[in-house]
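Here is what each chain is made of, one letter per residue.
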Amino acid sequence: LYPAWMYGMSQVILEFLFLILTSTVEAAIVIPMCGLINPTVPSVVNFFTLASILIVSGLVGSTMIFLMSMWLPTQDLAFLAGSSIVTISLSLCGGFLPFTSMSDVPHVLQWVSPIKYSFQAMAIALLKGTSAEKVIDIAGYNTPPTIAENIGVLYGLFIVLSILTAVGVSRIKEVR
């Protein structure tokens, strides 16, 4: 049989391909339905920008849950830990309370929230070049200041989570 870490990596690769497909379909439905359109950029650029944000956000989220299921002893604990991380990340993403209005502790913790980078990339993609662009600066959604840098941070998180997942999978012993 193959080493267990290879199964984990094949899972990550399959999820990568699956999430590209599903996020593209999601973008094709959600963008026109919700009016997620920046009128200052061509529609094709708008579509692929938002689809790429959805793809990498999905990758980070699914890999985080996969990581929890590999490292924690039961699926109940994995679900509890995964949903707790998502809840905390949502509260720190800047969507409910702008970063400029956060107290010191949440303001420092927001840097580890993957949803922060997805939300910022989405805000920059939709507001840059419009009359509402000043919201990005007022609310503090400009660190990192570009879509590419936010997506880069998310890909970095994805790689780190994938490596930790591979290590977790390699700890699994086959019982015969």
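Summarised in this report is the structure supplied together with it. (Residues numbered from 1 in each chain as written. Predicted model: local features only at pLDDT ≥ 70, side-chain atom pairs only at ≥ 80, totals over all residues. Heavy atoms only, no water.)

## Some words on the overall build of the protein
And then number 1: Along its length, the protein carries 7 helices and 0 strands.
And then number 2: Starting at the N terminus and ending at the C terminus, the protein contains elements arranged as α-α-α-α-α-α-α.
And then number 3: Projected onto its principal axes, the C-alpha coordinates of the protein cover approximately 65 × 40 × 25 Å.
And then number 4: In the protein, the proportion of contacts linking residues at least 24 apart, taken out of those at least 6 apart, comes to 66%.
And then number 5: For the protein, the exposed surface amounts to about 10,100 Å²; the carbon and sulfur share of it is 75%.
And then number 6: In the protein, the 6 positive side-chain charges and the 8 negative ones have mean positions that sit 7 Å from each other. (Helix = DSSP H or I, 4+ residues; strand = E, 2+ residues; numbered from the N terminus. Contact = heavy atoms within 4.5 Å. Areas by Shrake-Rupley, 256 points an atom, 1.4 Å probe, with all protein chains shown as cover. Lys, Arg positive; Asp, Glu negative; His and termini not counted. Charge placed at Lys NZ, Arg CZ, Asp CG, Glu CD.)

## Description of a nonpolar patch on the surface
And then number 1: A cluster of nonpolar side chains, contributed by W71, I159, V160, I163, L164 and V167, occupies part of the molecular surface with about 520 Å² of accessible area.
And then number 2: Considering the arrangement of structural elements, one finds I159 in helix α7 (residues 147-170). (Patch = residues over 30% accessible without salt bridge, like charges linked within 9 Å, V, L, I, M, F, W, Y side chains within 5 Å. Salt bridge = Lys/Arg side-chain N within 4 Å of Asp/Glu carboxyl O.)

## Considerations on the nonpolar core
And then number 1: One finds L50, I53 and V60 to be the most contacted residues of the largest nonpolar core, which totals 27 residues.
And then number 2: Going through the elements one at a time, α1 (4-34), α2 (43-71), α5 (114-127) and α7 are the ones with two or more residues in this core.
And then number 3: With 13 residues, the top contributor of residues to this core is α2.
And then number 4: Setting aside its immediate chain neighbours within four residues, V60 contacts P114, L154, L157, F158 and L161. (Core = buried A, V, L, I, M, F, W, Y, C linked by side-chain atoms within 4.5 Å. Buried < 20%, exposed > 50% of the residue type's maximum accessible area, 1.4 Å probe, protein only.)

## Brief notes about the packing of α1 against α2
Working note: a packed helix pair is described by the angle between its axes plus the distance between those axes.
And then number 1: It is the contact of α1 with α2, at a shortest axis distance of 8 Å, that shows an interaxial angle of 140 degrees. On the basis of their axis angle, the class for α1 and α2 is oblique. α1 and α2 meet at a crossing whose hand is right-handed.
And then number 2: When the residues that make up the contact of α1 with α2 are grouped by side-chain class, the tally is 14 nonpolar, 7 polar and 2 charged. (Axes fitted to C-alpha atoms, helices over the stretch in contact; angles between N-to-C directions. Parallel < 35°, antiparallel > 145°, perpendicular 65-115°, else oblique. Left-handed = near helix turned anticlockwise from the far one by under 90°. Nonpolar A, V, L, I, M, F, W, Y, C, P; charged D, E, K, R; others polar.)

## Some remarks on the side chain of N150
And then number 1: By the secondary structure assignment, N150 is in helix α7.
And then number 2: Judged by its relative accessible area of 0%, N150 falls in the buried class.
And then number 3: A distance of 2.8 Å separates the side chain of N150 from the backbone oxygen of T146, its partner in a polar contact.
And then number 4: Leave out the neighbours within four places in its chain, and N150 touches Y117, Q120, A121, I124 and P144. (Polar contact = N/O pair within 3.5 Å; in protein donor to acceptor, adjacent residues only side chain to side chain.)

## Brief notes about the environment of W5
And then number 1: Residue placement: W5 occurs in helix α1.
And then number 2: Separated by 26 residues in sequence, W5 and I31 place their C-alpha atoms 37 Å apart.

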